[in-house]
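So you can see what is in the structure, the chains are spelled out below.
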Amino acid sequence: MKRAILCGMFNFPRGSATANYIQYLAKALYQKGYEVYVLSNINSDYYNSVENGRMVWNGIKVIEPYFYTTKRGLKHAIFWHVLKVENSFKKTLKNFHLTEKDILVSYTNDPKIHEAVLSSGKATGTKCLVCITEWWEEKDFSNSESWNNFNESFEKYLPQYDLILPISVSLQNHFSEIGCNTMLLPIMADTSEYEILPKKFQKRLFVFPGNGKIKDSIKEMLQAFAAFPEDSLRKIEVHITGMKQDEVAACVAGKESLIGETFYAHGWMEYSKLIELYQRAHFLILPRPNNHMSVNNFPSKVPEVMTHGVIPIISRVGDCTELYLQDGVDSIIFEGDSVEACKAAIKLALSMGDDRVKNMSKAARECALTRFDYKNWSEKIIQAISSCDK
């Protein structure tokens, strides 16, 4: 059987946005007849399913590509400082006895993992694919080592792959212009994974899932909500994940008394709890600045929440609003990310009657089904793999 081996440090499954991206790509390949392996560190929430560094999750075989001990902390120390990343991945890949029928896929900023994947592919005639979802700049990093790793990966290693899967048109254009084989691939979704529940309308429920640190203008969004009168705010709920309560309080000055009634700070949520929140929510609120980072990125939250009929309220920036969403049909798209722009978009959402929200929710779900579900991308991915030369 042909095999697809996906390599990187994903905290798989469900431990990061990267892990979710890899999950949907793995399912797309599995649907087309590949035996799928993920070589990654395993999310600690799933340790009870791990035996000798291996587990099977939804048909995907997961392997930790390094030495195992019963002491998880010691294991990581050995992994990074003694065995080294490159040797660990190389050794694990060697045990597969790769052939030309297999494919290797990497998603990482670690040059050592790139070196392991590319050298293994070259030695066995195995096609190598790489996923790229960000185009960072040096100012985006807090230390030189992380920047150097990303830059070396981006400039030196990515162009060596047989096929690049960029998440944005801007990234695709860059790599196509330097002679690389590319296929545009947004973040996908699995619309059949969870039950879709009918929305209730006692209150309008807004959700912001994320860390709020990098691409999203969360401060402006919260200040926009805080600008509404208290009687209006008591009719809605705003759920923020990835932030502490005191961080939210600092952004809603004058309305702190509504924390726990209107504003809910959830911090880090287990994925099952996050899904329960999506199942109840009406709107995703996602203001974003129009800059190099946002243009080249694709917000993973959007397909994820639309699967549950959540309507994005989102700034017009990048491929997400240019290629996939329809303003006034399945989303509310607004210009800019200022407090005033956010407030106007929120006001529009609140002016909608229940029937309008239900119709847009249905359209959001339909968008997820037709534009983001991995089952609609699997054949395109196979065709792109087949068309690129080794």
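Everything discussed here concerns the structure shown above.
If you're wondering where the values come from, they're calculated on a predicted model, not measured in any experiment.

1. Some remarks on the pattern of salt bridges
Part 1: As enumerated under the stated definition, the model contains 15 salt bridges in all.
Part 2: For aspartate 140, the salt bridge goes to lysine 139, with nearest N and O atoms at 3.5 Å.
Part 3: Among the residues examined, aspartate 140 registers a relative accessible area of 24% and is labelled partly exposed.
Part 4: Between aspartate 190 and lysine 375 there is a salt bridge, with the nearest N and O atoms lying 3.8 Å from each other. You can see aspartate 190 sitting in the loop between helix H6 (169-177) and strand E8 (204-208) and its partner lysine 375 sitting in the loop between helix H15 (354-372) and helix H16 (378-387), a full 185 residues away along the chain.
Part 5: Of the residues examined, aspartate 190 reaches a relative accessible area of 6% and is grouped as buried.
Part 6: By relative accessible area, which is 33% here, lysine 375 ends up partly exposed.

2. Some points on the environment of serine 49
Part 1: Mapping serine 49 onto the fold places it in the loop between strand E2 (35-39) and strand E3 (54-57).
Part 2: Looking at serine 49, the relative accessible area reads 42%, which means it is partly exposed.
Part 3: Along the primary structure serine 49 and isoleucine 103 are separated by 54 residues, whereas in three dimensions their C-alpha atoms are 26 Å apart.
Part 4: Setting aside residues up to four positions removed in sequence, serine 49 forms contacts with Arg54 and Met55.

3. Some details on unusual backbone geometry
Part 1: In this model, phenylalanine 12 is joined to proline 13 through a cis peptide bond whose omega is -5 degrees.
Part 2: Mapped onto the secondary structure, proline 13 falls in the loop between strand E1 (3-7) and helix H1 (17-31).
Part 3: Not every positive phi belongs to a glycine, and asparagine 52 is a case in point at roughly 55 degrees.
Part 4: Its relative accessible area of 61% is what places asparagine 52 among the exposed residues.
Part 5: Phi is positive for asparagine 58, close to 50 degrees, though the residue is something other than glycine.
Part 6: Looking at the secondary structure, you find asparagine 58 in the loop between E3 and strand E4 (60-63).

4. Examining the state of the cysteines
Part 1: For the structure on display, the rule yields zero disulfides.
Part 2: For the unlinked cysteine cysteine 131, the closest cysteine sulfur is that of cysteine 7, found at 11 Å.

5. Section: helix H10 (residues 271-280)
Part 1: Among the residues of H10, those classed as buried are Tyr271, Leu274, Ile275, Leu277, Tyr278 and Gln279.
Part 2: Contacts made by the buried residues of H10 are with H1, E8, strand E9 (236-241), strand E10 (263-267) and helix H12 (301-306).

6. A few points about the packing of aromatic side chains
Part 1: According to the stated counting rule, one finds 18 aromatic pairs in the structure shown.
Part 2: An angle of 55 degrees between the planes, with centres 5.9 Å apart, marks the rings of phenylalanine 141 and tryptophan 147 as tilted.
Part 3: When the centroid spacing of 5.5 Å and the interplanar angle of 75 degrees are considered together, the rings of phenylalanine 298 and tyrosine 324 count as edge-to-face. Of the two residues, phenylalanine 298 is situated in the loop between helix H11 (292-296) and H12 and tyrosine 324 in helix H13 (residues 318-324); the sequence distance between them amounts to 26 residues.
Part 4: Three or more aromatic residues joined by ring pairs form one cluster here, namely Trp135, Trp136, Phe141, Trp147, Phe150, Phe154 and Phe175.
Part 5: We note lysine 343 situated over the ring of phenylalanine 228; from NZ or CZ to the ring centre the distance is 5.5 Å.
Part 6: Directly above the ring of tryptophan 377 sits lysine 380, whose terminal nitrogen or CZ lies 4.4 Å from the centroid.

Calculation notes
- Residues numbered from 1 in each chain as written.
- Predicted model: local features only at pLDDT ≥ 70, side-chain atom pairs only at ≥ 80, totals over all residues.
- Heavy atoms only, no water.
- Salt bridge = Lys/Arg side-chain N within 4 Å of Asp/Glu carboxyl O.
- Buried < 20%, exposed > 50% of the residue type's maximum accessible area, 1.4 Å probe, protein only.
- Helix = DSSP H or I, 4+ residues; strand = E, 2+ residues; numbered from the N terminus.
- Contact = heavy atoms within 4.5 Å.
- Disulfide = S-S within 2.5 Å.
- Phe/Tyr/Trp six-rings, centres within 6.5 Å; stacked < 30°, edge-to-face > 60°.
- Lys NZ or Arg CZ within 6 Å of the ring centre and 35° of its normal.

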